[in-house]
Amino acid sequence: MKFLYIAPRYHTNQMDIMKGLIEHGHEVCFISHYAAAIEDYSYVTPVVLGYSKLYEIVDFLYVKVIHRKDPEAVVFKIRHGFPPVRKLKKLIYGFAPDVVILRERSVYSMAAYLLCRKKGYPCILYNQNPLWSEPEKRDPAHRIVGRLSPALRMTPVMGMQKAGTSIKASDFFVPFVVEPRRGPAERSYFAADTVHILCIGKYEIRKHHLLLLQAVEKLLQQTPDGGDAGEAARPAEQEDAGDRKIRLTLVGEATNHFQKEYCAQVRRYVAQHHMEDIVTVKTNVPRSSMDKEYLAADLYVIPSTREMASVSQLEAMSYSLPVICSDTNGTACYVEDGVTGYRFRDCDRTDLQDKLERLLSDREGIKRMGAAGYQAIVEKYNFENYYEAVMKMLSAGSR
């Protein structure tokens, strides 16, 4: 089959899907709006089509002039950017896909959908809104967007069954795909008798690197009987607390001005709080080197807030690591509380600290949860499940 993907960027959470499609003999074309600084083109090299010349002027004014001090302004183009239609049409029709997967209800995707609908190419909307969702709004604007978007929708976010939520017949849960990387018997733990904590995420405020640093610092301040050493005695107590043997590695992208500024703030915190021997801050690590980072770790933490969906906890599980993540993370459903890791209350440093303490004081638990996470990857988050779900959607759409 011919699979066409159209999305803002070629994200790493697509890599194992692309690998699976190629290895199973399918043909893949991936059209992206733009290219990020760090991407892996091992299996598919996307066509970076960009935006229309007119929109590039709009984007410049919006990002560089009107909202130049807003770090979130750069995402404006994801929903509102429109494509060079003639070039997009030529690419789509030249490829003649059997299925088209469009990311987000955006102007770009709506233009692509209209082109595909004219030729009768089956389309699926992919976004990260929860499967369990409230009824869609029915005002004129939302109804127009609905008509200009595919009826079938796939999402890797389960959401919560609660009052007012339901699952639409045209909506399907299709989880992220991550290949098993290293089973528990194929890796080692606790190098130098130390628990190595790994955190991966762009250097953005909402990723909560500082929250994690504060939690680790508090753990190091505790006396052997569980009390707090106090701020005045901190350096000496930190040395004593070295028996805990904790190391934290932060890995993230810092390419734009806002990310570099926040990364500098993280580095200052580490220096000002005398944590240089405990914390390592890394930037712009290439995808090809991430294997080394996961294998050097014993525990993975993703402390971010307002996280619609993240694939990194599944990547960590694929290396047999237990995971701690926020309970509001869209893909927190992939972390079975107390089995493959823990979920902490969003933005709650004390609860994050408590979950860290549970694992740091139970090294056998770290290995047991890491093994359970690896098994979940093998059974639930493989390419076969993804492909079967997409075929089921196409079958449902043709009826």
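In case you missed it, the structure is sitting above this.
Residues numbered from 1 in each chain as written. Predicted model: local features only at pLDDT ≥ 70, side-chain atom pairs only at ≥ 80, totals over all residues. Heavy atoms only, no water.

## So, the overall build of the protein
Next, step 1: The number of helices and strands found in the protein is 14 helices and 13 strands.
Next, step 2: Against the globule reference of 21 Å for 399 residues, the protein gives a C-alpha radius of gyration of 23 Å, in line with a compact fold.
Next, step 3: Looking at the 399 residues of the protein, the share that counts as buried comes to 50%.
Next, step 4: Contacts in the protein between residues far apart in sequence, at least 24 positions, make up 71% of those at least 6 positions apart.
Next, step 5: Roughly 18800 Å² of accessible area belongs to the protein as shown, and the carbon and sulfur atoms make up 53% of that amount. (Helix = DSSP H or I, 4+ residues; strand = E, 2+ residues; numbered from the N terminus. Rg over C-alpha atoms; globule rule 2.2 N^0.38 Å. Buried < 20%, exposed > 50% of the residue type's maximum accessible area, 1.4 Å probe, protein only. Contact = heavy atoms within 4.5 Å. Areas by Shrake-Rupley, 256 points an atom, 1.4 Å probe, with all protein chains shown as cover.)

## Some words on the pattern of salt bridges
Oppositely charged side chains are able to pair whenever their charged atoms sit close together.
Next, step 1: What the rule picks out here adds up to 21 salt bridges.
Next, step 2: With a closest N to O distance of 3.4 Å, Arg105 and Glu136 form a salt bridge. With Arg105 in the loop between β4 (99–103) and α5 (107–119) and Glu136 in the loop between β5 (123–126) and α6 (140–147), this pair connects stretches of sequence that are 31 residues apart.
Next, step 3: A relative accessible area of 39% places Glu136 in the partly exposed class.
Next, step 4: Put simply, Glu307 and Arg206 hold a salt bridge, and the shortest N to O gap is 3.3 Å. One end of the pair, Glu307, is in the loop between β11 (299–302) and α11 (312–318); the other, Arg206, is in the loop between β8 (195–200) and α7 (209–221), and 101 residues separate them in sequence.
Next, step 5: Here Glu307 falls in the buried class, since its relative accessible area comes to 7%.
Next, step 6: A residue is classified by how much of its surface remains accessible, and Arg206, at 19% relative accessible area, is buried.
Next, step 7: Residues joined in a network through salt bridges with shared partners are Glu204, Arg206, Lys207 and Glu307. (Salt bridge = Lys/Arg side-chain N within 4 Å of Asp/Glu carboxyl O.)

## Things to note about the packing of α7 against helix α12 (residues 349–360)
Next, step 1: Following both chains from N to C, one finds α7 and α12 inclined at 55°, their axes separated by 9 Å at the closest point. Judged on the interaxial angle alone, α12 and α7 are oblique. When you trace α7 past α12, the crossing you get is right-handed. For the pair α7 and α12, the contacting residues are Leu211, Leu212, Gln214, Ala215, Val216, Lys218 and Leu219 in the first and Arg349, Leu352, Gln353, Leu356, Glu357 and Leu360 in the second.
Next, step 2: Its residues assigned to classes, the contact of α7 with α12 comprises eight nonpolar, two polar and three charged. (Axes fitted to C-alpha atoms, helices over the stretch in contact; angles between N-to-C directions. Parallel < 35°, antiparallel > 145°, perpendicular 65-115°, else oblique. Left-handed = near helix turned anticlockwise from the far one by under 90°. Nonpolar A, V, L, I, M, F, W, Y, C, P; charged D, E, K, R; others polar.)

## Concerning the sheet that holds β8
Next, step 1: Ordered by their spatial adjacency, six strands build an open sheet running β10-β9-β8-β11-β12-β13, and the pairing between neighbours is parallel. Taken across any chain shown, the strands that pair with only one partner, and hence form the sheet edges, are β10 (279–283) and β13 (341–344). When strand polarity is set aside, the average angle formed by the axes of neighbouring strands in this sheet is 20°.
Next, step 2: In this structure, strand β12 (residues 323–326) lies alongside β13, joined through four bridges in parallel fashion. Across the sheet, the residue bridging to Ser326 is Phe344, located in β13. (Pairing = 2+ DSSP bridges.)

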